[in-house]
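What follows is the residue order along each chain.
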Number of protein chains: 2
Amino acid sequence: MVEIVEVGPRDGLQNEKVLLPTEVKVDYITRALDAGIRRLEAVAFVHPGRVPQMADAEAVMAAVPRRPGVTYIGLVLNRRGLDRALAAGVDEVNMVVVASDEFSRRNQGTTTAEALDVWHEVAAAGIPASLTIAAAFGCPFTGAVPVDRVLGIAASALQSGPREIAIADTIGVGVPTQVRTLAAELGALGVPLRAHFHNTRNTGYANAVAALEAGITTLDASIGGIGGCPFAPRATGNIATEDLTYLLHGMGVGTGLDLPALAATGTWIGSRLGIQVPAMLGRTLD
Amino acid sequence: MVEIVEVGPRDGLQNEKVLLPTEVKVDYITRALDAGIRRLEAVAFVHPGRVPQMADAEAVMAAVPRRPGVTYIGLVLNRRGLDRALAAGVDEVNMVVVASDEFSRRNQGTTTAEALDVWHEVAAAGIPASLTIAAAFGCPFTGAVPVDRVLGIAASALQSGPREIAIADTIGVGVPTQVRTLAAELGALGVPLRAHFHNTRNTGYANAVAALEAGITTLDASIGGIGGCPFAPRATGNIATEDLTYLLHGMGVGTGLDLPALAATGTWIGSRLGIQVPAMLGRTLD
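Quantities reported herein were computed from a predicted structural model and do not represent experimental measurements.

What follows is about the packing of aromatic side chains. Taken as a whole and assessed by the stated rule, the structure comprises six aromatic pairs over all chains. Judged by centre distance (5.7 Å) and plane angle (70 degrees), the rings of F103 of chain B and F141 of chain B are edge-to-face. Placement of F103 of chain B in helix α5 (residues 101-108) and of F141 of chain B in the loop between β5 (129-134) and α7 (147-158) is noted, with a sequence separation of 38 residues between them. The side chain of R50 of chain A reaches across the aromatic face of F231 of chain A, ending 4.1 Å from its centre. Against the face of F141 of chain A rests R106 of chain A, its NZ or CZ located 3.9 Å from the ring centre.

What follows is the structure, encoded as structure tokens:
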């Protein structure tokens, strides 16, 4: 069994040019729940001038359906974001620490070490908190990221008791051998792991299989495969929830998700954004 | 070390609406060679009314550069195609046997068993011959294809001494567990294997990794990731040579190929076809 954490409403939308009305975002989230999603990164509490698509985070959280067993995650980068997330009533927060200082400064205006300090503050807020190590597989500005750098961040973060630590290939440069190395080294630290892949160079699904087979059973994905980081050049979409689910079901791995409903939602969100989504499954069904 | 067999000029082009002039096809092939490709499915000798893009197969073969160490493969489906391939001076022929009778009839007008009879004739022609088992992972008309069906075809084909047998996921429905099962079962028969994946549902690259790790070191791919079967509904492209090469190099697996040259060729063939090619690598470099 794999738990897919749906990140389309946050990572998926944040890099899209078309700003969706709040009610369409709530519709996207509701359709995800109807397809079986139970844990969902719904919004980011970040500066609306920096990420305009997330400006209505409070309004989205006020309108989403509250159902038993459904967990809403809010992404935060700092204390102010944490306070907004708590006030908006999220069930869980996810904090991002970028593995390279240069990308960290561009993404959130701090060094990696400063972001880790914020993480410890976030983790102490009394709400379940997880950490995403962004650019864990490579940085768009400085290239290769040493495994020891990622391990050091994880070892520090672990002191504050994260629900889990996600290794994120933010710019889609990673390959399966890297996934296995990181999974083994982080696993040896006793870190509960999640993985987050982008399909920028068509390695994302192979990486997901490698993660699964290395024992990582919680995977981020976005319905439609939309997404990307506004502060990384040429960043493109997350692995698509529907294509990942197709792959997992084909391998005999359960997800609890309704594949046709996911594929239809991917096609639908593409129509709302005026794009052909990167997910492939919907194209086989049109 | 992996040998990538470039199939863009054949499988890649055959499903494209824009008919390319012969000289552009020869340019595509020449660029592939310049990027390090040494074995290439250049043309198909099939009915020009059925596959118009392949109508100039003889003219293409007459114009391609002949270089030491370069092998040109011609695809054939019957005796007439074989005679044309021999007259055109290909170095090797590849015959297709479709694993399901229904798809076989639509693809080449024969049952699977009748196609196998043709294969034995082709293999006796005195030129290196390989066999592709199409729809080995599933049929667009009849669904699942039993492993025993593929094994039976391979066992029969093996009697005529193929250079290799390719397992082809013609419609891109396969997943890594299937790849491992087929590779193990066919490997136990002593079959020299090649694998051929389409990325129709985003499983192609994960399948390629699974094939490699199951010991298959010869993989088909098309520069640009173009392709598909004209006789299968909604068929889409092969895995892209450049994206596969990126993945392999990242895993420390050599290919002998020049990655920037491949990516540039993928973007170039897209411009000649008037499409954005499915390959992703070129988009990160534009």
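Contacts between the two partners involve 28 residues from chain B, matched on the other side by 27 residues from chain A. Carbon and sulfur atoms make up 57% of the surface buried where chain B meets chain A, a total of about 2400 Å² over both sides. Our enumeration of links across chain B and chain A arrives at two salt bridges. Across the salt bridge formed by R180 of chain A and E213 of chain B, the nearest N and O atoms sit 2.9 Å from each other. Secondary-structure elements contributing two or more residues to the side of chain B that touches chain A are α8 (176-188), α9 (204-213) and α10 (241-250) of chain B.

Quick look at empty space enclosed by the protein now. Under the counting rule described, the total for this entry stands at three cavities of 30 Å³ or more. Roughly 70 Å³ of volume is contained in the largest cavity. In this structure, the largest cavity is lined by P176, R180, A206, V209, A210 and E213 of chain A together with P176, R180, A206, V209, A210 and E213 of chain B. Counting residues per element, the ones that place at least two in the lining of the largest cavity are α8 (176-188) and α9 (204-213) of chain A together with α8 and α9 of chain B. Tallied by class, the residues present in the lining of the largest cavity amount to eight nonpolar, no polar and four charged. There is about 50 Å³ of room inside the second largest cavity. Around the second largest cavity, the lining residues are P9, K25, I29, A42, V43, Q53, M54, D56, A57 and V60 of chain A. Grouping the amino acids of the lining of the second largest cavity by side-chain chemistry returns seven nonpolar, one polar and two charged.

All right, on to the pairing of strand β2 (residues 39-45) of chain A then. Each regular strand displays side chains that alternate between the two surfaces of the sheet. Taken across its seven residues, β2 of chain A has seven buried, putting it largely inside the fold. Note on the crossover from β2 of chain A through helix α3 (residues 57-63) of chain A to strand β3 (residues 71-76) of chain A: the handedness is right-handed.

The next subject is helix α2 (residues 22-34) of chain A. Residues and elements named next belong to chain A. Here α2 spans 18 Å end to end across 13 residues, near enough to the 18 Å set by a 1.5 Å rise per residue. Within α2, burial applies to V24, K25, V26, Y28, I29, T30, A32 and L33. Phi for G36, located one or two positions after α2, is positive at around 110 degrees.

Next up on the list: the side chain of R194 of chain A. Residues and elements named next belong to chain A. Following the sequence through the fold, R194 ends up in strand β7 (residues 193-197). For R194, a relative accessible area of 1% gives the class buried. At a separation of 2.9 Å, a polar atom in the side chain of R194 contacts the side chain of D220.

Our next topic: the relation of the copies chain B and chain A. With an RMSD of 0.0 Å, the fit of chain B onto chain A corresponds to turning through 180 degrees and sliding 0.0 Å along the axis. The superposition operator between the copies reduces to a two-fold rotation axis. Relative to the rotation axis, the closest C-alpha in chain B is found at A206 of chain B, a distance of 2.0 Å.

We now examine the side chain of E242 of chain A. Residue and element names in this part refer to chain A. Note on placement: E242 falls in helix α10 (residues 241-250). Buried within the structure, E242 lacks any salt-bridge partner; R283 is the closest side chain of opposite charge, at an N-O distance of 8.8 Å. In this structure the side chain of E242 is engaged in a polar contact, spanning 2.9 Å, whose partner is the backbone nitrogen of G224. In this structure, E242 is in contact with S222, I223, G224, L259, L262, A263, G266, A279 and L281, ignoring residues within four places of it in sequence.

So, on to α8 of chain B. All names here are of chain B. For α8, with 13 residues, the first-to-last C-alpha span of 18 Å sits near the 18 Å given by 1.5 Å per residue. Within α8 the residues assigned to the buried category are P176, V179, L182, A183 and L186. One face of α8 carries all of its buried residues, which in axial projection span an arc of 125 degrees. Residues A184 and A188 are exposed on α8 and point more than 90 degrees away from its buried face.

Inspection of the entire model under this criterion finds 36 salt bridges over all chains. Taken together, the shared-partner salt bridges connect E3, R39, E92, R163, E164, R194 and D220 of chain A into one network.

All right, on to the environment of H198 of chain A then. Residues and elements named next belong to chain A. Looking at the element boundaries, H198 is found in the loop between β7 and α9. Taking the C-alpha atoms as reference points, H198 and D220, separated by 22 residues in sequence, lie 9.5 Å from one another. Every residue in contact with H198, bar those within four places of it in the chain, is listed here: D11, D169, T170, G172, G204, G227, G228, T236, G237, N238 and I239. Polar side-chain contacts of H198 include one of 3.1 Å to the side chain of H196.

The rules we used
Residues numbered from 1 in each chain as written. Chains lettered and ligands numbered in written order. Predicted model: local features only at pLDDT ≥ 70, side-chain atom pairs only at ≥ 80, totals over all residues. Heavy atoms only, no water. Phe/Tyr/Trp six-rings, centres within 6.5 Å; stacked < 30°, edge-to-face > 60°. Helix = DSSP H or I, 4+ residues; strand = E, 2+ residues; numbered from the N terminus. Lys NZ or Arg CZ within 6 Å of the ring centre and 35° of its normal. Contact = heavy atoms within 4.5 Å. Buried area = accessible area lost by both parts, 1.4 Å probe. Salt bridge = Lys/Arg side-chain N within 4 Å of Asp/Glu carboxyl O. 1 Å grid on protein atoms, 1.4 Å probe; cavity = no way out; pocket = protein on both sides within 12 Å on 5 of 7 lines; lining within 4 Å. Points joined across faces, edges and corners; volume = space filled by probe spheres on them. Nonpolar A, V, L, I, M, F, W, Y, C, P; charged D, E, K, R; others polar. Buried < 20%, exposed > 50% of the residue type's maximum accessible area, 1.4 Å probe, protein only. Right-handed = clockwise from strand over helix to strand, strands pointing away. Expected span 1.5 Å × (residues − 1). Polar contact = N/O pair within 3.5 Å; in protein donor to acceptor, adjacent residues only side chain to side chain. Least-squares fit on C-alpha atoms with pLDDT ≥ 70 in both. Lys, Arg positive; Asp, Glu negative; His and termini not counted. Arc of directions from axis to C-beta.

The quantities given are spatial measurements derived from coordinates; they are silent on function.
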